[in-house]
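# Structure assessment
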Amino acid sequence: KQWYQRRVRALGECILLDVVSAVTEYLESMQSASSPSPSTERQSTTMTNISRLWYYAHHIYSREKRTNMLKWSRELDLTGFILPGKPGVICIEGNADNSREFNVRVRAMNWQLLRLQHEEQEKERLFTEFKELIFDVHGRSNNHQDLGQFRTFLEERNIGDVFTIFFRV
């Protein structure tokens, strides 16, 4: 029985290592590939549909994750926001290929829970930049955003229905 458990654990570690290596190689190849200039990209997305992806995360605390997402959004000409804390929300919008690339990169990070909650195809962008949203922070560890203010933020942009999709209220 112990031999079997050691064998299964070793096999699982090998498979995990293969998956991590494949994802790393893919991300490196995508970074080295040339991408169109942001102005060209922005012009082309105004003539085609905009892909808007909404993610729900159990929490977003990591400064490294947040910095990477901000960097990738500039690189991929994406707009939207990160709502850090518990729960965390990510909204990205832009060209469908670039949105898919962001999805690959974000999912390659370690998350307790990250779910693509909602996806939309629109004719134009709602946001002009990608930024981190900060509302009144509270909670024992100062890690909870004021979701009432977040709801107001969404309603001011005529997308309040997304709040209901996320929080079922």
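Let us look at the structure shown here.

Reading guide: rules and limits
Residues numbered from 1 in each chain as written. Predicted model: local features only at pLDDT ≥ 70, side-chain atom pairs only at ≥ 80, totals over all residues. Heavy atoms only, no water. Helix = DSSP H or I, 4+ residues; strand = E, 2+ residues; numbered from the N terminus. Buried < 20%, exposed > 50% of the residue type's maximum accessible area, 1.4 Å probe, protein only. Contact = heavy atoms within 4.5 Å. Arc of directions from axis to C-beta. Salt bridge = Lys/Arg side-chain N within 4 Å of Asp/Glu carboxyl O. Pairing = 2+ DSSP bridges. Axes fitted to C-alpha atoms, helices over the stretch in contact; angles between N-to-C directions.

Scanning the protein for helices and strands turns up 6 helices and 5 strands. Counting from the amino terminus, the protein carries its helices and strands in the arrangement α-α-β-α-β-β-α-β-β-α-α. Every one of the 169 residues in the protein was classed for burial, and the buried ones make up 39%. Of the contacts made within the protein by residues no fewer than 6 positions apart, 76% connect residues no fewer than 24 positions apart.

With respect to the helices and strands, Glu 132 occurs in strand E5 (residues 130-132). In this structure, the C-alpha to C-alpha distance between Glu 132 and Ile 90, residues 42 residues apart in sequence, is 9.2 Å.

Once that is clear, we can look at helix H5 (residues 147-156). Buried residues of H5: Phe 150, Phe 153 and Leu 154, and no others. Viewed end-on, H5 has its buried residues packed into an arc of 95 degrees, placing them on one side of the element. Where H5 is buried, its residues meet strand E1 (50-57), strand E2 (79-83), strand E3 (88-94) and helix H6 (161-167). Asn 158 sits one or two positions beyond H5 and adopts a positive phi of about 60 degrees.

This part is about the environment of Pro 84. The residue Pro 84 is located in the loop between E2 and E3 in this model. Taking C-alpha positions, Pro 84 is 7.7 Å from Gln 145, a pair spaced 61 residues apart along the chain. Not counting the four nearest positions on each side in its chain, Pro 84 is found in contact with Ile 60, Arg 66, Glu 132, Leu 133, Ile 134 and Gln 145.

All right, on to the pattern of salt bridges then. Counting across every chain of the model gives 10 salt bridges. Ionic pairing is found between Arg 52 and Glu 122, a salt bridge with its closest N-O pair at 3.9 Å. With Arg 52 in strand E1 and Glu 122 in strand E4 (residues 114-122), the pair connects residues that are 70 residues apart, well separated along the chain. Glu 122 sits in the partly exposed class, given a relative accessible area of 31%. Here the residues in one salt-bridge network are Arg 52, Glu 93, Glu 120 and Glu 122, joined through shared partners.

Another aspect to go through is the sheet that holds E5. Reading across the sheet, the 5 strands line up as E4-E1-E3-E2-E5 and stay open at both edges, with mixed pairing between neighbours. Looking at which strands have only one partner, the edges of the open sheet turn out to be E4 and E5. Sheet twist, expressed as the average angle between the axes of neighbouring strands with direction ignored, equals 15 degrees. When E2 meets E5, the two strands line up parallel, connected through 3 bridges. Residue pairing in the sheet places Phe 81 in a bridge with Lys 131 of E5. Sheet strands in contact with helix H3 (residues 63-75) are E2, E3 and E5, and its direction is about 160 degrees off that of E5.

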